[in-house]
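# Report on the structure
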Amino acid sequence: MAIKYHPDKNQHDPTAEEKFKRISEAYQVLSDPKLRKRYNEYGEENGVKPDGGFADPEEFFKQSFGGDRFLDIIGEISIGKDMREALETAEEDQSGWTEEEKAAKEAQRTEAEEERNQARIKRVEVLSKKLKDKLSVYTAKGEKEFKEYIKKEAEDLKLESHGVELLHAIGFAYGMKANQYANKKFAFGLGGMFHSIKEKGYIFSQTVGTLRTAYDLQSTFGELQKAEEKGLSDEERAKLEEAAALKGLEAIWRGSKLEIEGVLREVCDEVLGDPKIKKEEIANRIQALDIIASIYQSVVPEEPEVFTESQ
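Residues numbered from 1 in each chain as written. Predicted model: local features only at pLDDT ≥ 70, side-chain atom pairs only at ≥ 80, totals over all residues. Heavy atoms only, no water.

### With respect to the overall build of the chain
From N to C terminus, the chain includes eleven helices and zero strands. Mapped in sequence order, the helices and strands of the chain form the string α-α-α-α-α-α-α-α-α-α-α. Taking all 311 residues of the chain together, the buried fraction comes to 32%. When contacts within the chain are restricted to residue pairs at least 6 apart in sequence, long-range pairs at least 24 apart make up 72% of them. (Helix = DSSP H or I, 4+ residues; strand = E, 2+ residues; numbered from the N terminus. Buried < 20%, exposed > 50% of the residue type's maximum accessible area, 1.4 Å probe, protein only. Contact = heavy atoms within 4.5 Å.)

### Concerning the packing of helix H8 (residues 163–182) against helix H11 (residues 279–297)
How two helices sit against one another is set out by the angle between their axes and by the gap between those axes. In contact at an axis separation of 8 Å, H8 and H11 are set at 150° when each is read in the N-to-C sense. By the angle between their directions, the pair H8 and H11 is classed as roughly antiparallel. H8 and H11 meet at a crossing whose hand is left-handed. In this structure, H8 uses Leu 167, His 168, Ile 170, Gly 171, Phe 172, Tyr 174, Gly 175, Ala 178, Tyr 181 and Ala 182 to contact H11, whose residues at the interface are Ile 286, Leu 289, Asp 290, Ile 292, Ala 293, Tyr 296 and Gln 297. Within the contact of H8 with H11, the residues separate by chemical class into twelve nonpolar, four polar and one charged. (Axes fitted to C-alpha atoms, helices over the stretch in contact; angles between N-to-C directions. Parallel < 35°, antiparallel > 145°, perpendicular 65-115°, else oblique. Left-handed = near helix turned anticlockwise from the far one by under 90°. Nonpolar A, V, L, I, M, F, W, Y, C, P; charged D, E, K, R; others polar.)

### Focus on H11
Here H11 contains 19 residues, and its C-alpha end-to-end distance of 27 Å stays within 8% of the 27 Å for a straight helix at 1.5 Å per residue. Looking at the buried side of H11, the elements it contacts are helix H4 (71–74), helix H6 (99–141), helix H7 (143–157), H8 and helix H10 (234–272). (Expected span 1.5 Å × (residues − 1).)

### Overview of the nonpolar core
Core analysis: the largest hydrophobic core is formed by 38 residues, its most contacted members being Phe 70, Ile 73, Ile 74, Ile 170, Tyr 174, Leu 289 and Tyr 296. Residue contributions to this core peak at nine residues, all from H11. Beyond its immediate chain neighbours, meaning those up to four positions away, Ile 73 contacts Leu 127, Lys 134, Glu 153, Leu 157, Ile 170, Tyr 174, Leu 264 and Tyr 296. (Core = buried A, V, L, I, M, F, W, Y, C linked by side-chain atoms within 4.5 Å.)

Okay, structure coming up:
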């Protein structure tokens, strides 16, 4: 719904901007257990707002995975923008276009693709520098202090939106790369080759899984559209819309995870494959990265607070 009513996409509907704002506010209420409870008890008109008011819709959807706290590790996730552009392109009716218009549109797409590539290169460059700085703490402070520093960081980050899931994904990407580079010196380099093949297999399986999720989502939207054409009750519509929403969130998460892991693999290659760095320093970086991977992957969600009758 956010994509459907985004003001940039839906310029023909004068109410689109207001609907987009309402969708954002509804999501913010539903995703906060306290606000949802207040809404159920007192309704919309009785102060059901987050502290500080509702966030700007565009910013809110940007913050849905990790928010600003993860920027130094994964950068800004671009999948939301990429999905919107892809949907807009898919829905364009080119039947009445002239050859000049088609050529202009193709040139526009090529330019947009180049901009995305340059943004990715810059993102990897910035994240590589930040990761190098973080890993240098291991050499400067020692293993014990470094572990304490990373544990504290992980405990803070896990409280962010999708924090635990993000930490697990980051930790997995770091661990895979640390193993790959650590094993390059064993068995005439075949150890590193094994991990490289394993990495490619993982990428393929994740890509296939993400595509299946996207196709499943598309199929659900098709079912919803057909059902609406035939006529369905409010209860039936609600069930189909809920199924579509859950699959939509899963598709966005899987796509975001795929993007994050891809960027982090490039970052790790920059950090661990630097030919200007001595072997000893590379070994330290591998060890430090492996420590981060282990700590991030061991993070567990906060236990929900249980109130007794006396409390």
